[in-house]
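# Structural overview
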Amino acid sequence: MTPTEIAERFRELEEERISREADIMRHSGSIEMLQVQLSSVRAVIKAEEASIWVNGGAGKVVIDGKNEKLREAQFTKATEAVPGLMAAYAQLGEVEANIEMCERMITNRRSSIRGIDYAMQLCIEQFQYLNTPRFYKEV
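As a starting point, this report considers the structure included with it. (Residues numbered from 1 in each chain as written. Predicted model: local features only at pLDDT ≥ 70, side-chain atom pairs only at ≥ 80, totals over all residues. Heavy atoms only, no water.)

## Quick word on the overall build of the chain
To keep things clear, this is the line we draw: Helix numbering and strand numbering both begin at the N terminus, where a helix is a DSSP run of H or I of at least 4 residues and a strand a DSSP run of E of at least 2. A simple rule labels every residue: compare its accessible area, found with a 1.4 Å probe on the protein chains alone, to the largest value its type can have, and call it buried under 20%, exposed over 50%, or partly exposed in between. Should any heavy atoms of two residues lie within 4.5 Å, those residues are counted as being in contact. To measure how exposed things are, a 1.4 Å probe is used in the Shrake-Rupley method; for residues, cover is taken only from the protein chains shown.
The helix and strand tally for the chain stands at four helices and two strands. Written out in order from the N terminus, the α and β elements of the chain read α-β-β-α-α-α. Looking at the chain as a whole, 24% of its 139 residues qualify as buried. Relative to all contacts within the chain whose residues are 6 or more apart in sequence, the contacts with residues 24 or more apart total 72%. When the accessible area of the chain is evaluated, it comes to approximately 9700 Å², of which 56% is carbon and sulfur surface.

Listed below in structure tokens is the structure:
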């Protein structure tokens, strides 16, 4: 490779690294927004569940079981009767999946940056080899 080709490759790697770092920042911002959304959805779910426990059930299902397993089963049945709660559970799962996806994307971008760094080091080594007197004697 010629020094010009090596320099061009180094510039390409540098631009790609900057792009990956921007992706990481964007995904980090998304995680922060999703964390806020996650906490608000959890608060809604907690309030609805507390309401069910305090009121002793909802609609046709009444929580009056004598043992813990029966109360849990009645609570589960009572949560199914509350329409907004099932939507909140679904939204909670979606937000958690989005956070997980963003975290995976950040991990992938960091691995990619590590590979780019190695490629940049290779370019630097190639430049150093080209600048040695031994190289010019061999040619």
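## A few points about the packing of helix α1 (residues 3–55) against helix α2 (residues 68–81)
Formally: Here the axes come from fitting lines to C-alpha atoms, over the contacting stretch only for helices, and the angles between their N-to-C directions go from 0 to 180 degrees. When describing relative orientation, an angle under 35 degrees is termed roughly parallel and one over 145 degrees roughly antiparallel, while 65 to 115 degrees is termed roughly perpendicular and anything else oblique. Each crossing is labelled by how the near helix is turned from the far one, with a counterclockwise turn of less than a right angle marking it left-handed and a clockwise turn marking it right-handed. Residues are sorted three ways: Asp, Glu, Lys and Arg are charged, Ala, Val, Leu, Ile, Met, Phe, Trp, Tyr, Cys and Pro are nonpolar, and all the rest, Gly among them, are polar.
Interaxial distance between α1 and α2 falls to 11 Å at its minimum, and their mutual angle equals 125°. Between α1 and α2, the angle falls in the class oblique. Between α1 and α2 lies a crossing whose hand is right-handed. Contacts from Glu49, Ile52 and Trp53 of α1 reach α2 at Arg71, Glu72, Phe75, Ala78 and Thr79. Residue composition of the contact of α1 with α2, grouped by class: four nonpolar, one polar and three charged.

## Things to note about the packing of α2 against helix α3 (residues 83–130)
The contact between α2 and α3 brings their axes to 5 Å, and the two run at 95°. As summarised for this structure, α2 and α3 are arranged roughly perpendicular, according to the angle between their axes. On α3, the residues touching Thr79, Glu80 and Ala81 of α2 are Pro83, Leu85, Met86 and Tyr89. Counted by class, the contact of α2 with α3 contains five nonpolar, one polar and one charged residues.

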